[in-house]
2 protein chains.
Amino acid sequence: MKFFKVPEPTIMRLSLYSRILEQLEERGVPIISSVELGDAVGINSGVVRKDLSMFGEFGVRGVGYNVRELRDNIRKLLGQDRNWPVIIVGAGHLGSSLAAYPGFRQRGFDVVALVDTDPEKIGSTIIDKIVVSWEEAEKLIKEHGVRMAILAVPADSVQAVAQQLTDLGIEAILNFSPIILKGPSKAQVQNVDLTVYFDLMRFTQNLNDNGLRPQASNVRGIAVR
Amino acid sequence: MKFFKVPEPTIMRLSLYSRILEQLEERGVPIISSVELGDAVGINSGVVRKDLSMFGEFGVRGVGYNVRELRDNIRKLLGQDRNWPVIIVGAGHLGSSLAAYPGFRQRGFDVVALVDTDPEKIGSTIIDKIVVSWEEAEKLIKEHGVRMAILAVPADSVQAVAQQLTDLGIEAILNFSPIILKGPSKAQVQNVDLTVYFDLMRFTQNLNDNGLRPQASNVRGIAVR
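Predicted model only: the values in this text are computed from it and were never measured. (Residues numbered from 1 in each chain as written. Chains lettered and ligands numbered in written order. Predicted model: local features only at pLDDT ≥ 70, side-chain atom pairs only at ≥ 80, totals over all residues. Heavy atoms only, no water.)

Draft legend 1. Seen up close, the packing of helix α1 (residues 8-26) of chain A against helix α3 (residues 45-53) of chain A. Residues and elements named next belong to chain A. As a packed pair, α1 and α3 sit with axes 10 Å apart at the nearest point and diverge in direction by 100 degrees. Relative to α3, the element α1 is oriented roughly perpendicular. Counted together, Thr10, Arg13, Leu14 and Tyr17 of α1 and Val47, Val48, Asp51 and Leu52 of α3 form the full contact between these two elements. For the contact of α1 with α3, a count of residues per class yields five nonpolar, one polar and two charged. (Axes fitted to C-alpha atoms, helices over the stretch in contact; angles between N-to-C directions. Helix = DSSP H or I, 4+ residues; strand = E, 2+ residues; numbered from the N terminus. Parallel < 35°, antiparallel > 145°, perpendicular 65-115°, else oblique. Contact = heavy atoms within 4.5 Å. Nonpolar A, V, L, I, M, F, W, Y, C, P; charged D, E, K, R; others polar.)

Draft legend 2. Highlighting the sheet that holds strand β5 (residues 109-115) of chain A. Residues and elements named next belong to chain A. Reading across from one edge, β6-β7-β5-β4-β8-β9-β10 is the order of the seven strands in this open sheet, with mixed pairing throughout. Edge positions in the sheet fall to β6 (125-126) and β10 (188-191), since each has one partner strand and no second. Across six bridges, the pairing between strand β4 (residues 84-89) and β5 is parallel. Residue pairing for β5: Pro85 is matched across the bridge by Asp110. (Pairing = 2+ DSSP bridges.)

Draft legend 3. View of the confidence of the model for chain A. Residue and element names in this part refer to chain A. Summarising the model, chain A shows a mean pLDDT of 82, and 88% of its residues fall at 70 or more. The least confident element of chain A is strand β11 (residues 213-215), whose mean pLDDT is 48; the most confident is helix α7 (residues 134-144), at 97. Within the model, pLDDT remains below 50 along residues 214-225, and this stretch shows 44 contacts once partners closer than five positions in the same chain are excluded. Across the whole predicted complex the pTM is 0.71, and at the interface the ipTM reaches 0.71. (pLDDT = per-residue confidence, 0-100.)

Draft legend 4. Region of interest: the domain arrangement of chain A. Parsing chain A into structural domains produces domain 1 (8-78) and domain 2 (84-195). Each of domain 1 of chain A and domain 2 of chain A has a C-alpha centre, and the two are 31 Å apart. (Domains from an automatic or database assignment.)

Draft legend 5. Structural context of empty space enclosed by the protein. Taken as a whole and judged by the stated rule, the model has four cavities of 30 Å³ or more. The volume enclosed by the largest cavity comes to roughly 70 Å³. Taken together, Leu94(A), Ser97(A), Leu98(A), Tyr101(A), Phe176(A), Leu194(A), Leu94(B), Ser97(B), Leu98(B), Phe176(B) and Leu194(B) make up the full set of residues lining the largest cavity. Breaking the lining of the largest cavity down by element, the ones donating at least two residues are α5 (93-100) of chain A together with α5 (93-100) of chain B. For the lining of the largest cavity, a count of residues per class yields nine nonpolar, two polar and no charged. (1 Å grid on protein atoms, 1.4 Å probe; cavity = no way out; pocket = protein on both sides within 12 Å on 5 of 7 lines; lining within 4 Å. Points joined across faces, edges and corners; volume = space filled by probe spheres on them.)

Draft legend 6. A look at the pairing of strand β4 (residues 84-89) of chain B. Residues and elements named next belong to chain B. Most of β4 sits out of view: six of its six residues are buried. Here β4 shows no split at all, with Trp84, Val86 and Ile88 on one side and Pro85, Ile87 and Val89 on the other all buried. In terms of strand pairing, β4 meets strand β8 (residues 148-151) through four bridges, oriented parallel. For Ile87, the partnering residue across the bridge sits in β8 and is Ala149. (Buried < 20%, exposed > 50% of the residue type's maximum accessible area, 1.4 Å probe, protein only.)

Draft legend 7. Just the UniProt feature "binding site: NAD(+)" (unreviewed entry) in chain A, in detail. In the numbering adopted here, UniProt assigns the feature "binding site: NAD(+)" (unreviewed entry) to Gly90(A), Ala91(A), Gly92(A), His93(A), Leu94(A) and Gly95(A). Here the residues from the annotation list that line the largest cavity are Leu94(A). By secondary structure assignment, the location of Gly92(A) is in the loop between β4 and α5. Classification of Gly92(A) as partly exposed rests on a relative accessible area of 26%. If we skip the residues at most four places from it in the chain, Gly92(A) touches Asp116(A) and Lys121(A). With respect to the element layout, His93(A) can be found in helix α5. Beyond its immediate chain neighbours, meaning those up to four positions away, His93(A) contacts Ser97(B), Ala100(B) and Ile127(B). (UniProt positions renumbered as here; feature names shortened; annotations may be inferred.)

What follows is the structure, encoded as structure tokens:
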């Protein structure tokens, strides 16, 4: 058995490369250099080469990478070449908008249903997705082999809902709810806090207002887990 | 004039600390150690101490940080103690959901209006926010001193809209549209690509399916700019 130890930033950059490569392929570009790819994503070409060499992609020195080949390999590596059923828990504003987010289908994610406890919402549709009860969700999860869930519920129910999901066999949870979810230990958890981006953007403006001149730092990262 | 060179990961962690500290204050907790704070955010206590020492917050050895004091100082540093008017460009699903995102108001962001070019949408309200034309947006930006904008428009209009915004005096743009926005150089730009988080979550599942066992890496980061 092979072990992979890949830092999250690398995986996230692979995701960005794949998007750029898709756009290049649509435009009929056959070859791209690490400098061009780095430029499109906003990072140094050395990082691009290092990332890709981790997966055996070396390109041709002085020529570059074959766009279609590289795209196909990254797609396979990230599992973008297959269809991944997901459920969204919470059919409020956040859950509804996530159901409508166009990027998901494009990336091979298929929202099977939204789950909610509100009887007013159960049975309704959001865009073309049905809102179901937990009882129905359990059936759908088994039927479709759903292993991933998106959490968009109020802060005080996050932990309980996450436990419920893992009990139903969910292996990975992407938490958009406004609280950091820890565990359950059986599932992989990824927290996404949108306000972090706002604070980041505001930081510079705020220093400007206080007469301090911030210097741009090209270190990029996020510490959410 | 003082220069600040603060890495983005630090600012993002400050944003996370401030949320945890708010929750602690609500629960009446007076003191927190760097270990506890690190644990709540999911990082090493050494990183917490280093982050806070950058801004002159040293805590008391063997005791910890005063929760309210630390929260107030981080709020000031991040500008969370003031009201920041923002406009959202694009009144589609994404723009509407961002308008409804409860975290923004809580963090001192005030959505003045949504801007759209669709005559069917102009004049309507989303939650309690009005959808306006670009002409009206221009007036509102001046009136309210809006310096930040959120982009939620189709990929092919991102670049033009960003230019239009900076021409109207917008200084910072948070781009949720499904394409990486580069420049305009006068404005600070932050790209947020939600599909990156999905790829990250799927990566582990995909390796599992292929009989490879991924090892967790505690390096956390994101390369979007």
